[in-house]
Amino acid sequence: FFVAVGVGAAATIVAGQHFGQVATGPGGARVLAGTGSGEMSALEGTGVETTGPAEAPESTRVEPPEDSNDSNATGNLASFVHRADRGNTRQNYTYLSDTNIDGKANAVIIVSAIPKPEGDGVAPYGHNIGVWYEPGAKKWAIFNQDQTSVPTGAAFEVVVPQPSEGFVHRAEPSDTVDNATYLYGPATNGKPDAAVSVTQNWNPGGGGGIYNDHPTDVFYDGDVGQWAIYNRDSAPIPEGAAYNVFVPQVAG
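Residues numbered from 1 in each chain as written. Predicted model: local features only at pLDDT ≥ 70, side-chain atom pairs only at ≥ 80, totals over all residues. Heavy atoms only, no water.

Engineer: Just to check I follow, could you spell out unusual backbone geometry for this structure?
Structural biologist: The phi angle of most residues is negative, glycine excepted, and most peptide bonds adopt the trans form. Positive phi is not limited to glycine here, since D178 has a value of about 55°. Tracing the sequence through the fold places D178 in the loop between strand 12 (176–177) and strand 13 (180–182). Positive phi, normally seen in glycine, also occurs at S234, with a value near 75°. Secondary-structure assignment places S234 in the loop between strand 16 (226–231) and strand 17 (242–246). (Helix = DSSP H or I, 4+ residues; strand = E, 2+ residues; numbered from the N terminus.)

Engineer: Please clarify how the sheet that holds strand 4 (residues 93–95) should be interpreted in this entry.
Structural biologist: Note on sheets: strands pair through backbone hydrogen bonds, and any given pair is parallel or antiparallel. One open sheet holds the four strands; their spatial order is 3-4-9-8, and the pairing between them is antiparallel. Sheet topology places strand 3 (89–90) and strand 8 (129–134) at the edges, where each strand pairs with a single neighbour. (Pairing = 2+ DSSP bridges.)

Engineer: In this structure, what is going on with the sheet that holds strand 11 (residues 166–170)? I would like to understand it.
Structural biologist: Here we have three strands laid out as an open sheet, ordered 11-17-14, and antiparallel in their pairing. Each of the sheet's edge strands pairs with one partner strand only, and the pair in question is strand 11 and strand 14 (197–200). Adjacent strand axes in the sheet meet at a mean angle of 30°, parallel and antiparallel pairs treated alike. Relative to strand 17, strand 14 runs antiparallel, the two being bridged by four bridges. The partner of V198 across the bridge, within strand 17, is V245. (Axes fitted to C-alpha atoms, helices over the stretch in contact; angles between N-to-C directions.)

Engineer: I tried to follow the pairing of strand 9 (residues 139–144) on my own but got confused; where do I start?
Structural biologist: Side-chain direction in a regular strand flips from residue to residue, so the side chains alternate between the two faces of the sheet. Along strand 9, five of the six residues are buried, which leaves the element largely enclosed by surrounding structure. Two elements, strand 4 and strand 9, share three bridges in a ladder whose sense is antiparallel. Counterpart to Y93 in the pairing with strand 9 is F143. Bridging between strand 8 and strand 9 involves six bridges; their strand directions are antiparallel. Note on strand 9: the bridge partner recorded for Y133 is W140. Between strand 8 and the antiparallel strand that follows it, strand 9, lie four residues; K138 among them carries a positive phi value of about 55°. (Buried < 20%, exposed > 50% of the residue type's maximum accessible area, 1.4 Å probe, protein only.)

See below:
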């Protein structure tokens, strides 16, 4: 499904260094407003927002199956295409519905916008996206971090990894430097060929969250033997920003 992508030319990453409110319902949605420090205020009425791989790098996109909205489970991994419509969308977020994630505030979800055909090519989605859990509705949602409305018909590829292949990473002072936050664990340490995919998660577990409206990517730092998530536009990653991480296991 999703594959790791390399370092962008514009990235300002210090390689080789490693440092050891909630929405209540779907109606009357109000958009979260940034505080300047990366923190988001609690939603009043109904919440929105999350933080995902801003406009999930198109290189991580998977082709949608013929039947969009149908769940396709392989082993313990599930994938489906979600389409925003009037029934599931509230301003800048669109609710997901799948038995693998409904009511599961600690689910790990990877999402990527699917570009629309345009002329002889495709039109990118054009917004940084993420996921967030709305406790009142007991639903996960994909949202536009720039607070613009999700257009009807927008399509997203959704992958729910099996527990052994997905986890949540939080950016902390001990693992973050400037615009990069380093992953640590047996799934990624010393594995430059690992396929690492990430989606920003505004509120793991369903509480308050941290906002990071920037395009996100991953790279492998050979000097320390670790993978890192970074903001492609060189913006600093705010402390506490959370990411869903998917690392498929390779047999053998």
